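# Descriptive structure summary
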Amino acid sequence: MIISPGPASVVLGEAIAKELGLEPQLLSHRLFPDGETYIRFPESVKGEVVVLVQTTAPNPDRKLMQLLIMARTAKDLGASRIIAVIPYLAYARQDKRFLDGEAMSFDIILDLLESAGVNDTVLIDVHNETALNKISEEHEMRIHNLTAIFYLADYLKENTYKGAYSLSPDLGRSELVEKVSKVMGGGFSFFMKVRDRYTGKTTMKVKNLDLEGRDVVIFDDIISSGGTMARAIQGLKDQGAGKVAAVCTHALPVPGANEKLKNAGADLIVATDSVESIYETVSVAKLVANFLKTI
Ligand code: R5P
């Protein structure tokens, strides 16, 4: 097995290789002045199982294109199996046609990966697992969805949040958050979030929970504008909650998100290294390496 980190995930790719006791094969990469990407595999991959590690944020379109070029090149060079580890896959939230005429972006990206020669795609905490399972049925490529939530929970327990209440900011992830609440050991609930499909604006229904003085961990898949987390934090603080941790797998903070979270009263903000960010605290290297040992 050859681990080849792409330009977007060199540090994580090296960490995964280290967990597996392997030397990573770093790709030669540069950007042409006009923004195009140059990729070269410096050593032979003929007959090898090649694991490409490439996240797709920030700058999702460029990073996706790099991944497609990497995969197709590995195929052309005779790799026997291509496994694309995509710690964060952009476009996965557009997993159906919510409005007539919309692009099914998630499906399109998976099609492109498949036609570039990818045999297995390894994802982490995809936004909607039910939608993923449905889309997977239409693809020959095997698609695996891992969760980092228990690694995040371990970190929180070791860092003063043992026994904290677990909250999902929307219904979509409530099943998974209920599972992790058993590990956290402090109870569970969820708020309701509704998105206006025309404006993209969301509104949150905050439930009254008996949380006076209780520490709470909010688990979400993504932090982007910080709006979802900020509204949930505010709702909890208004009810007298103690410390509140805002926790996500994928941190994609846009300018202003950090201030929004801090102003809402976030006491701790934690994310994984699926995307490089100021919040990355918990590594997914072991999660991915352990999975790679099984396939
Ligand atoms: C969408 O429902 C996701 O689960 C996240 O809640 C969302 O992407 C977070 O985005 P933002 O930080 O912009 O509210």
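Parameters at a glance
- Throughout this document, residue positions are counted from 1 along each chain, in the order its sequence is written.
- The predicted nature of this model means local features are confined to residues of pLDDT at least 70 and side-chain atom pairs, given and counted, to a pLDDT of 80 or more, with totals for whole chains, interfaces and linings taken over all residues.
- Only heavy atoms go into the side-chain values, all of them from the structure, while hydrogens and water stay out.
- To define axes, lines are fitted to C-alpha atoms, for helices over the stretch in contact only, and angles between the resulting N-to-C directions are given on a 0 to 180 degree scale.
- Strands are runs of DSSP state E lasting at least two residues, helices are runs of H or I lasting at least four, and both sets are numbered from the N terminus onward.
- Note on terminology: angles under 35 degrees are roughly parallel, angles over 145 are roughly antiparallel, angles of 65 to 115 are roughly perpendicular, and the others are oblique.
- Every residue pair with non-hydrogen atoms within 4.5 Å of one another is taken to be in contact.
- All residues other than Ala, Val, Leu, Ile, Met, Phe, Trp, Tyr, Cys, Pro, Asp, Glu, Lys and Arg, Gly among them, are scored as polar; the first ten of these are nonpolar and the last four charged.
- Per the annotation, domain bounds derive from an automatic or database assignment of domains.
- Summed over both partners, the accessible area (1.4 Å probe) lost when two parts come together is defined as the buried area.
- The rule is short: rings of Phe, Tyr and Trp, with Trp giving its six-membered ring, pair when the centres are within 6.5 Å, and they are stacked under 30 degrees, edge-to-face over 60, tilted in between.
- Per-residue accessibility, obtained with a 1.4 Å probe over protein chains only, is compared with the maximum for each type, and a residue is labelled buried under 20%, exposed over 50%, and partly exposed between these values.
- Only Lys NZ and Arg CZ are tested; either one counts as a charge over a ring when it is within 6 Å of the ring centre and within 35 degrees of the ring normal.
- We call a residue near a molecule or strand when any one of its heavy atoms sits within 4 Å of it.
- We call two N or O atoms a polar contact when they sit within 3.5 Å, provided that within protein one can donate a hydrogen and the other can accept it, with sequence-adjacent residues counted only if both atoms are side-chain atoms.
- Strand pairing is assigned whenever DSSP identifies at least 2 bridges connecting the two strands.

Moving on, we get to the packing of helix α7 (residues 227-238) against helix α8 (residues 257-264). The interhelical angle for the contact between α7 and α8, taken along N-to-C directions, is 10°, at an axis separation of 8 Å. Judged on the interaxial angle alone, α8 and α7 are roughly parallel. Facing G227, M229, A230, I233, Q234 and K237 of α7, the residues of α8 in contact are K260, L261, N263 and A264. Here the contact of α7 with α8 is composed, by residue class, of 5 nonpolar, 3 polar and 2 charged.

When the domains of the protein chain are assigned, the result is domain 1 (2-147 + 284-292) and domain 2 (149-273). Look at where the C-alpha atoms of domain 1 and domain 2 centre, and you get two points 28 Å apart. Contacts between the two partners involve 16 residues from domain 1, matched on the other side by 14 residues from domain 2. For the pair domain 1 and domain 2, the two sides together bury roughly 1400 Å², of which 59% comes from carbon and sulfur. Looking at the side of domain 1 facing domain 2, the largest losses of area belong to L99, D125 and T147, adding up to 36% of the total buried there.

Counting across every chain of the model gives 2 aromatic pairs. Seen from their ring centres, F32 and Y38 are 6.2 Å apart, and the 90° between their planes marks the pair as edge-to-face. Using a relative accessible area of 27% as the deciding quantity, one classes Y38 as partly exposed. Geometrically, the ring pair formed by F188 and F190 is tilted, given 6.3 Å between the ring centres and 40° between the ring planes. The exposure class assigned to F188 is partly exposed, which follows from its relative accessible area of 21%. Of note, K207 hangs over the ring of F190, and the distance from its end group to the ring centre comes to 3.7 Å.

We now examine unusual backbone geometry. P58 follows A57 through a cis peptide bond whose omega is -10°. Structurally, P58 can be placed in the loop between β4 (49-53) and α2 (60-76). You will see that Y91, though not glycine, has its phi angle at about 75°, which is positive. For Y91, the location among the structural elements is in the loop between β5 (81-86) and α3 (105-115). Here the phi dihedral of T160 falls at roughly 70°; this positive angle occurs in a residue that is not glycine. A relative accessible area of 58% means that T160 is categorised as exposed.

Taken together, the neighbourhood of the ligand is formed by 13 residues, with D220, D221, S224, S225 and T228 sitting nearest. H127 is positioned such that a nitrogen or oxygen atom in its side chain is 3.5 Å from an oxygen atom of the ligand. Mapped by element, the contributors of at least two residues to the shell around the ligand are β12 (216-223) and α7. At 4 residues, the largest contribution of residues to the shell around the ligand is made by β12. Taken together, the residues that form the shell around the ligand break down as 2 nonpolar, 6 polar and 5 charged.

What follows covers the pairing of strand β3 (residues 37-40). Burial of the side chains of β3 is restricted to one face: T37 and I39 are buried, whereas none of Y38 and R40 on the reverse face is. Note that strand β2 (residues 28-31) and β3 share 4 bridges and pair antiparallel. Bridge pairing links R30 to Y38 in β3. The loop that links β2 with its antiparallel partner β3 comprises 5 residues; one of these, G35, has a positive phi angle of about 100°.

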